[in-house]
There are 2 protein chains.
Amino acid sequence: MRRFLDITKALSDESRVRALLALRDGELCVCQLIELLGSAPSTISKHMTVLEQAGLVECRKDGRWRFYRLPGLSAADTVKGAYEWLALSLGKSPQATEDRKRLKEILRRKKEDISECYKN
Amino acid sequence: MRRFLDITKALSDESRVRALLALRDGELCVCQLIELLGSAPSTISKHMTVLEQAGLVECRKDGRWRFYRLPGLSAADTVKGAYEWLALSLGKSPQATEDRKRLKEILRRKKEDISECYKN
DNA sequence: ACTATACTTCGCCAAGTGGCGAAGTATAGG
DNA sequence: CCTATACTTCGCCACTTGGCGAAGTATAGT
């Protein structure tokens, strides 16, 4: 029950849901999520911690970056079930489509230029 | 997205989740849910309203009683998916088993005696 | 060593949530 | 009509949550 409620609480915020949907296309670092979701770094950081505690994402550190990704096949059934439900419900939603488009833009831009999340 | 978040928020409270699991065995009136969940009438009433707004339960009025039940086959895919996920995750949990047992007790008692939720 | 970037932690605030009891509404029964 | 039962609505309180910026930590580059 505890685990289940951790997941439902994690899923009851729009930014967190959008982050999960965005991660379908592959892992992302925090600064990319910041750009996509448009909130402050501290806010996104907190969101990703919530998702991680719920077991909905896994984390990998690489240099200065912290990459988040969807959990693998070893994930608990509850987590896998949550993803199936999420994909069924919002996989093709306008929000998901729009974000996917913006994400491509962001990823493309990364190749030439470096992030601007922390420029003042 | 709105609809989805209504559901995840509705699912992120233990009492509401227990209520949904209890309704698997058939419709229940508010006073039975009060007995099962052990909260004040006003609290349970609020919970059931949240579930109804999210589309997770349907309501039927009969005399003084208000019966809640799980939605039928006409329910939205997101709602049906939520139930599949819920059943997969908590269908056989200790809490659900315990509640099912207590519920039988409550339903049996109803046949002889009337509810005592509102006795002071 | 110094600076810049990437990210987290902390402290704060406004808004939302779950809990209750008291009071209100609705229906059934004497 | 009066009372009891079933339930809702309202007002309140304690707690949680999401947001931010400022300050702190960690790593990479110079």
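Each remark here, short or long, concerns the structure printed above.
No experiment lies behind these values; they were computed from the predicted model shown.

*Asks:* Would you explain the protein's contact with DNA strand C in this entry?
*Replies:* In the neighbourhood of DNA strand C, 25 residues make up the surrounding shell, with Cys31 and Ser45 of chain A together with Arg16, Thr43 and His47 of chain B lying closest. Among the atoms of DNA strand C close to the protein, meaning within 4 Å, 67% are from sugar or phosphate groups. Contacts to DNA strand C include Val30 of chain A, whose backbone N or O atom sits 3.3 Å from a phosphate oxygen. Backbone polar atom of Arg64 of chain A to a sugar or linking oxygen of DNA strand C: 3.2 Å apart, as the coordinates give it. Those elements giving two or more residues to the surface near DNA strand C turn out to be helix H3 (30-37), helix H4 (41-53) and strand E3 (65-69) of chain A together with helix H4 (41-53) of chain B.

*Asks:* I'm lost on the relation of the copies chain B and chain A in this one. Help?
*Replies:* Here the second copy of the chain follows from the first by a rotation about an axis and a shift along it. The operation relating chain B to chain A is a screw motion whose rotation component is 180°, with 0.0 Å of axial translation and a residual RMSD of 0.0 Å. The transformation just described matches what one would write down for a two-fold rotation axis. Considering only C-alpha atoms, the residue of chain B closest to the rotation axis is Thr8 of chain B, which sits at 2.7 Å. An overlap of 100% is found between the interface residues of chain B and their copies at the interface of chain A, pointing to a shared contact surface.

*Asks:* Which parts of the structure should I look at to understand the side chain of Ser89 of chain B?
*Replies:* With respect to the helices and strands, the residue Ser89 of chain B is situated in helix H5 (residues 77-90). According to the relative accessible area criterion, Ser89 of chain B is buried, its value standing at 17%. Within the structure, the side chain of Ser89 of chain B is placed 3.4 Å from the side chain of Thr78 of chain A, a separation counted as a polar contact. Here Trp85 of chain B takes part through its backbone oxygen, which lies 2.9 Å from a polar atom of the side chain of Ser89 of chain B.

*Asks:* Explanation requested: the sheet that holds strand E3 (residues 65-69) of chain B in the structure shown.
*Replies:* Each strand in a sheet pairs with its neighbour through backbone hydrogen bonds, running either in the same direction (parallel) or in the opposite one (antiparallel). Residue and element names in this part refer to chain B. Reading across from one edge, E1-E3-E2 is the order of the three strands in this open sheet, with antiparallel pairing throughout. Two strands lie at the open edges of the sheet, namely strand E1 (28-29) and strand E2 (58-62), each paired on one side alone. As defined by bridge partners, E1 adjoins E3 across two bridges and the pair is classed as antiparallel. In the strand pairing of E3, Leu28 is matched with Tyr68.

*Asks:* Looking at this structure, I do not really get the nonpolar core. What am I missing?
*Replies:* If you look at the biggest cluster of nonpolar residues, it comprises 68 residues, and the most contacted ones within it are Met48 and Leu56 of chain A together with Met48 and Leu56 of chain B. If sequence neighbours within four positions are ignored, Leu56 of chain A has contacts with Ile7, Ala10, Leu11, Leu20, Leu51, Leu70, Pro71, Val79, Ala82 and Tyr83 of chain A.

About the thresholds
Residues numbered from 1 in each chain as written. Chains lettered and ligands numbered in written order. Predicted model: local features only at pLDDT ≥ 70, side-chain atom pairs only at ≥ 80, totals over all residues. Heavy atoms only, no water. Near = heavy atom within 4 Å. Polar contact = N/O pair within 3.5 Å; in protein donor to acceptor, adjacent residues only side chain to side chain. Helix = DSSP H or I, 4+ residues; strand = E, 2+ residues; numbered from the N terminus. Least-squares fit on C-alpha atoms with pLDDT ≥ 70 in both. Contact = heavy atoms within 4.5 Å. Buried < 20%, exposed > 50% of the residue type's maximum accessible area, 1.4 Å probe, protein only. Pairing = 2+ DSSP bridges. Core = buried A, V, L, I, M, F, W, Y, C linked by side-chain atoms within 4.5 Å.

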